[in-house]
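# Summary of the model geometry
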Amino acid sequence: MKICVVGTGYVGLVGAAIFADWGNDVIGVDINEEKIERIKKGEMPIFEPGLSEIVLKNISEGRLTFTTSLSEGVRNSDVIFICVGTPQSDTGDADLSAVWKVAADIGKLIDSYKVIVTKSTVPVGTNQKLKQVIRDNMTSNADFDMVSNPEFLREGYSVEDMMQPDRTVIGSDSEKAFSIMRGLYEHLGKPILECDLKSAEMVKYASNAFLASKISFINEMAQICERSGADVSVVAKGMGLDNRIGPRFLSAGIGYGGSCFPKDVAALYKTSTDQAYDFRLLRGVMEVNENQKNYFVSKIVRYFGKNMADKTFGVLGLAFKENTDDIRDSVGIEIVKILRGLGAKLKVYDPEAMYNSKLVLGSTSVEYCLDKYEVMQDSDALIILTEWKEFANIDLERVKTLLKNPVIFDGRNIMDRNKIESSGFTYFAVGKRTAGLEALDKRPSGTPGVILKNGN
Ligand SMILES: NC(=O)c1ccc[n+]([C@@H]2O[C@H](COP(=O)([O-])OP(=O)(O)OC[C@H]3O[C@@H](n4cnc5c(N)ncnc54)[C@H](O)[C@@H]3O)[C@@H](O)[C@H]2O)c1
């Protein structure tokens, strides 16, 4: 199959490489010249485990090429995937400007039958409108079919997720397009759901909103656990052993972030209000998520006081989750900004997200460290914001010698509470009534400062 992938970001680059690995001829197209030049040289513009090997192998075997010319991509392919970004706009809607632009440009270029596939996450009804945009821009009489084929990969695991997806969703109104798309995915032996365009678009939003709801649910449980003395990690384990529930997306923490959940939940909520329906559950999911990071920061503020001008915190983790360099809508980055706003200095480290973090945080009051122990040197406390596995196994004796005070705020519950507390640390986690929290609650109210939101 001859495939063009437009947009070589987290989804498009991985998609292009894997389609080529399945034996197809693939052209990746991007407007970012620097990105295309780097990929052509074999340098990956993103960190994604296993990606580099697949890209290099398929480039060298001649199945995978990259260009900035959409015309080259469209003319030399039968199936065109649109994989450009659909970030959140100011109104909460998905910003579809890149998708409209690509569709109009494709319309101008097609001169033979093509299957045009939207992999970008787009609200219900968009593919129907895209069809019209393409038609309005066409200069030939060529035929085309529209397909919605949403992507469900997880950053950090995208190669394995695309190679072995739980399911593939294909929305279309054309038998010919279904048959071509089946030809691409059938060999995986995984379930394929063939449906109409609108239902396919909605499956993506419903899935992400459901997963975000699971996270907000366990974060609400964390609040009750903290107050009552139950341990949310044990509760989540017990819940997750139930096959009807499953263990994933039940980690209490500082809330969900990243380039998908926040924007997709907001866009689905916007879709509901556009349809004159108030999706109350989603409103709650977003509100709980917003509160979660404020509640975490409030523990640091209660412990150290609101004026943090003389405080330095060691921060482990800036990426929105482990195994990625992506910091888009990272809650960790937001927390660093809040603490900096309160006057604190931050010493930060992330195994993969340092470069991206420097671009958004700059150097004011932020020192970028070379490893996880450097952040602790002379810091007033250690704060963990991303669940990188390497942070769970730190040498506690060494940590104690480096920190000014043996205090740890674990926003991802990755540390062993008993080990930490028996090593003499004051430990704060999420959804656990630790000795540190117990002591904090016993302090006379008003000492030092408390900024708690939403009644927490
Ligand atoms: N990142 C994820 O984990 C993930 C998972 C599932 C679905 N999605 C969805 O997939 C889509 C892409 O996400 P992403 O994270 O890969 O985005 P990204 O920002 O990493 O990549 C988008 C790419 O599109 C390119 N682009 C923009 N306009 C273009 C144009 N006119 N022509 C050619 N290239 C153009 C950009 O330069 C960029 O390289 C989004 O809709 C997102 O919601 C993302």
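Predicted, not measured: the structure shown is a model, and the values here were computed from it.

Pairing is parallel across the open sheet formed by six strands, whose spatial order is β11-β10-β9-β12-β13-β14. Edge positions in the sheet fall to β11 (366-368) and β14 (426-428), since each has one partner strand and no second. On average, each strand axis in the sheet is inclined to that of its neighbour by 20°, with strand direction left out of account. Note: strand β9 (residues 312-316) against strand β12 (residues 381-384), four bridges, orientation parallel. In the sheet register, F313 faces β12, and the bridge partner there is A381. The sheet strands contacting helix α13 (residues 331-341) are β9, β10 (345-349) and β11, and the helix crosses β10 at an angle near 160°.

Another point: the site of the ligand. Taken together, 26 residues lie around the ligand, and G7, G9, V11, S120 and T121 are the ones closest in. Those elements giving two or more residues to the shell around the ligand turn out to be α1 (10-21) and α5 (97-109). Counted by class, the shell around the ligand contains eleven nonpolar, ten polar and five charged residues.

The subject of this paragraph is the confidence of the model for the protein. If pLDDT is low for a region, its predicted coordinates should not be looked at in detail. Averaged over every residue, the pLDDT of the protein is 95; the share at 70 or more is 97%. Below pLDDT 50 for its whole length, residues 449-456 participates in 16 contacts with residues either more than four positions away or in separate chains.

Okay, unusual backbone geometry next. Glycine aside, a negative phi is what most residues show, and trans is what most peptide bonds show. Phi at S365 takes a positive value of approximately 60°, unusual for a residue other than glycine. Its place among the elements puts S365 in the loop between α14 (354-361) and β11. By the C-beta count within 10 Å, which is 15 here, S365 ends up partly exposed. Non-glycine residue N413 carries a positive phi angle of around 50°.

You can read the domains of the protein as domain 1 (2-195) and domain 2 (229-456). Of note, the centres of domain 1 and domain 2, computed from C-alpha atoms alone, are 35 Å apart. Tallying the contact residues gives 16 residues for domain 1 and 15 residues for domain 2. Partitioned by chemical class, the residues of the side of domain 1 that touches domain 2 number nine nonpolar, five polar and two charged.

In this section: the nonpolar core. Residues V6 and F81 are the most contacted members of the largest nonpolar core, which totals 127 residues. If you tally residues by element for this core, the top one is helix α12 (residues 280-304), at eleven residues. Composition of this core by domain shows at least three residues from each of domain 1 (2-195) and domain 2 (229-456). In this structure F81 touches I3, C4, V5, V6, G15, V117 and K119, once residues within four positions along its chain are discounted.

Parameters and conventions
- Residues numbered from 1 in each chain as written.
- Predicted model: local features only at pLDDT ≥ 70, side-chain atom pairs only at ≥ 80, totals over all residues.
- Pairing = 2+ DSSP bridges.
- Helix = DSSP H or I, 4+ residues; strand = E, 2+ residues; numbered from the N terminus.
- Axes fitted to C-alpha atoms, helices over the stretch in contact; angles between N-to-C directions.
- Contact = placed C-beta atoms within 7 Å.
- Near = placed C-beta within 6 Å.
- Nonpolar A, V, L, I, M, F, W, Y, C, P; charged D, E, K, R; others polar.
- pLDDT = per-residue confidence, 0-100.
- Buried ≥ 20, exposed ≤ 12 C-beta atoms within 10 Å, placed from the backbone.
- Domains from an automatic or database assignment.
- Core = buried A, V, L, I, M, F, W, Y, C linked by C-beta atoms within 7 Å.

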